Every structure is written in structure tokens, then in C-alpha cells.
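Below are the chains, spelled out letter by letter.
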Amino acid sequence: MSNSMHITSGTDHVAQYIQNHVSGNVALTPSCLNCFLAKIIDIITLGFFKKNKDDDYKKFTTGFTSNLLHEIQKTHNRNNSYHIPHHIEFEYLNNKIIFESNDKNTKEKQMTTLIVTTQQGETSWKTISTEAFSQFCRIHLAIERNILTEDEISFTPEGKPDSSKMDAAAESLLSYILLDAVSLEVKLQNDAPKPVQPGSTQYSIPPGENGHPAQSPTLHQNTSFLYRQLSRKTSDDDSTINQGGKPLRKTVYTPKQKYLEDTINKIVEKLKNCYSKDSAQKRSTECDGLFRILGNKIENDAALVNIDECSLNIDKTHRDTLVYVLKHSFSKINPINENVLSQMMKKPNKAAEILYERIDTMEPKEKKLFSIILEFYSDAYQSADDSTTSMFNKTQLLVAAFRLTLLPKLYDCIKETPTDLSFIKERNSVGDHIVSSILTSFSYAHGSVQLKTNHQECVNSM
């Protein structure tokens, strides 16, 4: 084993934890295998929260969580359970790692065995309390399902949740997740939405089976929110637990993020009506100037404030200001940065493929919002007329809006290049080719964006 196997600094409490809670057939000596076992125990006992996540940690949690979700699916045929399987096995740094739990012991004596087998056939083991192991599993299930992030979770040096550094919502979610599995499942059932009794304004939370009193007022206020995050058992979820061998991730929205996405959807639908054709295949005069005019600055600024405060009245907002709101929202998540544009300029015929690869790396909520707006731009462009004499045509949309909306860095290099007309004309031509390719290469359905290549569709799930 290399020195990278050794425990890193800043985890002094792990040694004490090992002394108090861990037993095994290998004495705590400086041997490589011992250090390897200690490194894994450091991760399981949350020592990683006190230091930077190195590549070894990422490899461990990726392999561990993938197998954990797979075992949960096999046992419960759904992906939102928090019951911890008794057997987890995977490869980590070329060694076989096995976790075995015995549920026949009493809760106080329940232990999980960690077994490591090297490529040379050397095997050693240690045991750790199942309570500590289950806590690690449930935290990573929550992280994998996008219910919580590592940045939202804080722990004391003793490995206890540090509520002083967590907001109320994260603390409430973590409290639910760290309950024992039976109580958690019972609470999920009890917290399911029920008809509100006359005079009642909120759901109450009954005590768990362990006799503990109801949670804090914060938990009372967030019951329905917790239920939605922890137990969303739609037919969609149950039928698509895995896609391409990879477990699906849950996407959790804050109220502000949900409002933004819903509002953008409503703006898109309203603006589509501006250029749609009637039964006689004639467009409304509302399409004239669409995308060319971005509204009054005062109204635009006010609209951005209102949407940030979740109070934008779409029906009372001018069409051109709505276009501005869309463009502003798009610019904040547009993945076509200077590096991506450079790749597209070198291979303009591959622009859609380059963008598709970049979309795949986006954070799920931004990816969804980007898809909604890009679909609208694509629909507008493909619905526009080819004739340049039309008041709503493709050339107008490219020149007046889409060229710089999609490629905001298109002219950045002009600062270092002679600004002759031939260069600008060439830049415009390549830019229009790239944008036109992007706006005609994707299709959209069920919250996903699809790239069509050689009669094959690559699906990028949202």
C-alpha cells in the first residue's frame, strides 16, 4: 500500500472512537493493511467531514453508495427506502471491501463487520457499531438523492450533528434521516398528507415507536415538506429506479427555485402565443419586434426584483420585459463559456454535440431550467419564416437575439483583432451556423433534452 492510505491529519477523535467502539483481529500497528482499515473507518465515522475530500474518499463513497442503492432496490423494489442492507460489497483501490451486519443482536450490541481482502489474498477485519455505520449510510443516501448536500451537514468532533451551523430545514431533515429505520418508516407513513380537520391549520407529528416526544416546532411546520422530500413514491420513481445501470437522483427545490422554474414556464407559454399562427395560418401582430426589443430599463429592473421576491405578475408585465427576464435567466446558466465556444469555433459542425456534453455536466436544476428556455428559443426559431420580408423570420431572430444570447462571447476576441468588416462578417456567419445548428439539433420531452445524431437519440435525464 502507498502512503496515501494513511489517515490524514485533523481526525484525532477517530483514534479515540476506534479504541472505544472498534474491535478486530489486527492490532493497531503501523502496517499498511491496518492503515487501510483505519482510513475506511475514518470515512465511516465521519472523519471526512473535518478535512478536504480527496480522490480516495470520492472513489470510496461513489462505489459504496452505488452498491448501497442497488442492494436497497433489490430488497424493497424502490429507491426511497432508508432500510440499510445487511451486506454491501464493492471494489475500492483494488481491494475487496465487504460490510456485514447482524440484525439478530440487541440494538445495544449490534455490530457491523468490515472485511478487507487484498489482491494478494490477505484478509483482515474489524467491527464497528451498526448505529455509526447506519448513520453514514443514511447521510450518503440523502446526499445521493439530492435531499441534503455535504455543505449543509455539520458535525461536532464527537460525530454528533452540529445544529448551530445548520439551518432549520436541514436540521429537521437530518433528524428524520438519522432515526432508526423502523421509526423513520413509521414517521413517513404517519406524515403522509391527510385530510385537514375543521379548524386545523397544520399536521401534527405523533411520537415515534421509541416513545420519543414529537419533534421541534420547526419539524411541525415542515412536515409536508419532509414527507415530499423523503417519500416521493410515484409510479415514475418505482419504474425508473435505475437508468443505464445508474441510480436516478432526486432533485430537491427550494420554494424560490420552484417559483422561478414555474414562472419561466408560464412566461414561455405566454410568449409562444405571440408568434403562433391562427387557423388561417396568419400570425398576430404581437410577433412584430419580438426578441428585437428588450423592454424599458426601469420595467426590466423592476421585473428582476419581483421575480427574485417571487412576486412577478406576468399578466401585468410587458411582453418585451418578459423576453428580457428570459434572457437574463438564461445568461446566468448558459454553459457556453469561452472554452466551449472555442471548441465550437474549431468544429462548428460538431457544435450541438459539444453543447450536449457540456449540458450533461450541469447541476440538475440548472439543467432543467436551461432546457426549458432553450426549447423555447428552438421553437421560436423553427417556427419563424424563412423569408426575410416576414415580420417574424429566422434571419431577424439570429441577428437581433439568438446569436448573442447563445454565444455571448462571440466577439470578445475583437479587442485583440483588427475590427475590419470582413472579420466581423466571418464571425457572424460562423456564429449563425453554430446557433442554427444548436436550435435545430435537440428535441425535448418529459423534462429531458435529446440530441439526434445518426438516427440515434442520446437521452440526458433531468
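Points about the overall build of the chain
Working step 1: Helix and strand content of the chain: 17 helices and 10 strands.
Working step 2: Across the 462 residues in the chain, those meeting the buried criterion constitute 45%.
Working step 3: Summed over all atoms, the accessible surface of the chain reaches about 24400 Å², with 49% contributed by carbon and sulfur.

Notes on the pattern of salt bridges
Working step 1: The final tally for this structure, using the stated rule, is 14 salt bridges.
Working step 2: Among the ionic pairs, Asp320 bridges to Arg319, the shortest N-O distance being 2.8 Å. Comparing Asp320 with Arg319, the two get one shared label, buried.

Considering the pairing of strand β2 (residues 87-92)
Working step 1: Burial along β2 is one-sided: Ile88, Phe90 and Tyr92 are buried, and none of His87, Glu89 and Glu91, which face the opposite way, are.
Working step 2: For β2 and strand β3 (residues 95-101), the ladder comprises 6 bridges, and the chain directions are antiparallel. Paired with Phe90 across the two strands is Ile97, which belongs to β3.
Working step 3: Where β2 folds back onto β3 in an antiparallel hairpin, the turn is made up of 2 residues, including Leu93, whose phi is positive at roughly 50 degrees.

Here we look at the pairing of β3
Working step 1: For β3, the buried fraction is high: 5 of the 7 residues fall into the buried class.
Working step 2: Across 6 bridges, β3 lies against strand β4 (residues 111-117) in antiparallel orientation. The residue of β4 that forms the bridge with Glu100 is Thr113.

Quick look at the environment of Lys367
Working step 1: The residue Lys367 is located in helix α15 (residues 364-383) in this model.
Working step 2: Given the relative accessible area of 7%, Lys367 is considered buried.
Working step 3: Along the backbone, Lys367 and Val449 are 82 residues apart, and their C-alpha atoms lie at a distance of 9.2 Å.

Overview of the side chain of Gln396
Working step 1: Along the chain, Gln396 falls in helix α16 (residues 394-406).
Working step 2: Gln396 gets classed as buried once you look at its relative accessible area, which sits at 12%.
Working step 3: Setting aside chain neighbours within four positions, we find Gln396 in contact with Leu290, Arg292, Met391 and Ala401.

Considering the nonpolar core
As a rule of thumb, soluble globular proteins bury nonpolar side chains together.
Working step 1: In this structure, Phe291, Met344, Tyr377 and Phe402 are the most contacted members of the largest nonpolar core, which totals 57 residues.
Working step 2: No other element matches α15, which puts 9 residues into this core.
Working step 3: Ignoring anything within four residues of it in the chain, the contact list for Phe402 reads Phe291, Tyr377, Ala380, Tyr381, Leu397, Leu407, Val435 and Leu439.
Working step 4: Grouped together as the second largest cluster of nonpolar side chains are 42 residues, Leu33, Leu69, Leu148 and Ile153 included.

Thoughts on the packing of helix α13 (residues 338-346) against helix α14 (residues 351-359)
Working step 1: Closest axis-to-axis distance for the α13/α14 pair is 9 Å, and the angle between their directions is 155 degrees. In terms of orientation, α13 lies roughly antiparallel with respect to α14. Considering the relative orientation of α13 and α14, their crossing is right-handed. Facing α13, whose interface residues are Val340, Gln343 and Met344, α14 presents Ala351, Ile354, Leu355 and Arg358.
Working step 2: Class assignment of the residues belonging to the contact of α13 with α14 gives a composition of 5 nonpolar, 1 polar and 1 charged.

What to know about helix α12 (residues 319-333)
Working step 1: Taking 1.5 Å of rise per residue, 15 residues should cover 21 Å, and α12 covers 22 Å from first to last C-alpha, within 8% of that figure.
Working step 2: Buried within α12 are the following residues: Arg319, Asp320, Thr321, Leu322, Val323, Val325, Leu326, Ser329, Phe330 and Ile333.
Working step 3: In this structure, the buried residues of α12 make contact with α10 (255-275), α11 (297-308), α15 and α16.

What to know about the packing of aromatic side chains
Working step 1: One pass over the structure, following the stated rule, counts 20 aromatic pairs.
Working step 2: Aromatic side chains Phe330 and Tyr377 sit 5.4 Å apart centroid to centroid with 70 degrees between the ring planes, which places their arrangement in the edge-to-face category. In this pair, Phe330 is assigned in helix α12 and Tyr377 in helix α15, connecting sequence segments 47 residues apart. Considered together, Phe330 and Tyr377 belong to a single accessibility category, that of buried residues.
Working step 3: Ring geometry for Phe376 and Tyr377: centres 5.8 Å apart, planes at 40 degrees, overall tilted.

Considerations on the packing of α15 against helix α17 (residues 421-441)
Working step 1: At a minimum axis separation of 8 Å, α15 and α17 run at an interaxial angle of 105 degrees. In terms of orientation, α15 lies roughly perpendicular with respect to α17. Only Ser436, Ile438, Leu439 and Thr440 of α17 make contact with α15, whose side of the interface consists of Leu374, Tyr377, Ser378, Tyr381 and Gln382.
Working step 2: The class makeup of the residues in the contact of α15 with α17 is 5 nonpolar, 4 polar and no charged.

Examining α16
The α-helix advances 3.6 residues per turn, and as a result positions three or four apart in sequence lie on the same side.
Working step 1: Along its 13 residues, α16 runs just 15 Å from first to last C-alpha, ending more than 12% under the 18 Å computed at 1.5 Å per residue.
Working step 2: For α16, the principal kink sits at Ala400 and spans about 40 degrees.
Working step 3: Inspection of α16 places Lys394, Gln396, Leu397, Leu398, Ala401, Phe402, Arg403, Thr405 and Leu406 among the buried residues, and these make up the whole buried set.
Working step 4: The opening residue of α16 is Asn393, an N-cap whose side-chain oxygen sits 3.2 Å from the backbone nitrogen of Thr395.

Things to note about the confidence of the model for the chain
Working step 1: Counting all residues, the mean pLDDT for the chain is 75, and 68% of those residues have values of 70 or more.
Working step 2: Looking across the chain, the model is least confident in helix α9 (residues 235-239), with a mean pLDDT of 35, and most confident in α12, with 95.
Working step 3: Residue range residues 195-224 is modelled with pLDDT below 50. Its contacts to residues more than four positions away, or to other chains, number 35 contacts.

Concerning unusual backbone geometry
Working step 1: Of note, the phi angle at Gln281 is positive, near 60 degrees, even though the residue is not glycine.
Working step 2: Tracing the backbone shows Gln281 in the loop between α10 and α11.
Working step 3: Residue classification places Gln281 among the exposed residues on the basis of a relative accessible area of 55%.
Working step 4: Positive phi outside glycine occurs at Phe291, with the angle close to 80 degrees.
Working step 5: By the element assignment, Phe291 lies in the loop between α10 and α11.

What counts and how
- Residues numbered from 1 in each chain as written.
- Predicted model: local features only at pLDDT ≥ 70, side-chain atom pairs only at ≥ 80, totals over all residues.
- Heavy atoms only, no water.
- Helix = DSSP H or I, 4+ residues; strand = E, 2+ residues; numbered from the N terminus.
- Buried < 20%, exposed > 50% of the residue type's maximum accessible area, 1.4 Å probe, protein only.
- Areas by Shrake-Rupley, 256 points an atom, 1.4 Å probe, with all protein chains shown as cover.
- Salt bridge = Lys/Arg side-chain N within 4 Å of Asp/Glu carboxyl O.
- Pairing = 2+ DSSP bridges.
- Contact = heavy atoms within 4.5 Å.
- Core = buried A, V, L, I, M, F, W, Y, C linked by side-chain atoms within 4.5 Å.
- Axes fitted to C-alpha atoms, helices over the stretch in contact; angles between N-to-C directions.
- Parallel < 35°, antiparallel > 145°, perpendicular 65-115°, else oblique.
- Left-handed = near helix turned anticlockwise from the far one by under 90°.
- Nonpolar A, V, L, I, M, F, W, Y, C, P; charged D, E, K, R; others polar.
- Expected span 1.5 Å × (residues − 1).
- Phe/Tyr/Trp six-rings, centres within 6.5 Å; stacked < 30°, edge-to-face > 60°.
- Bend = angle between axes of the 7 residues up to and from the residue.
- Polar contact = N/O pair within 3.5 Å; in protein donor to acceptor, adjacent residues only side chain to side chain.
- pLDDT = per-residue confidence, 0-100.

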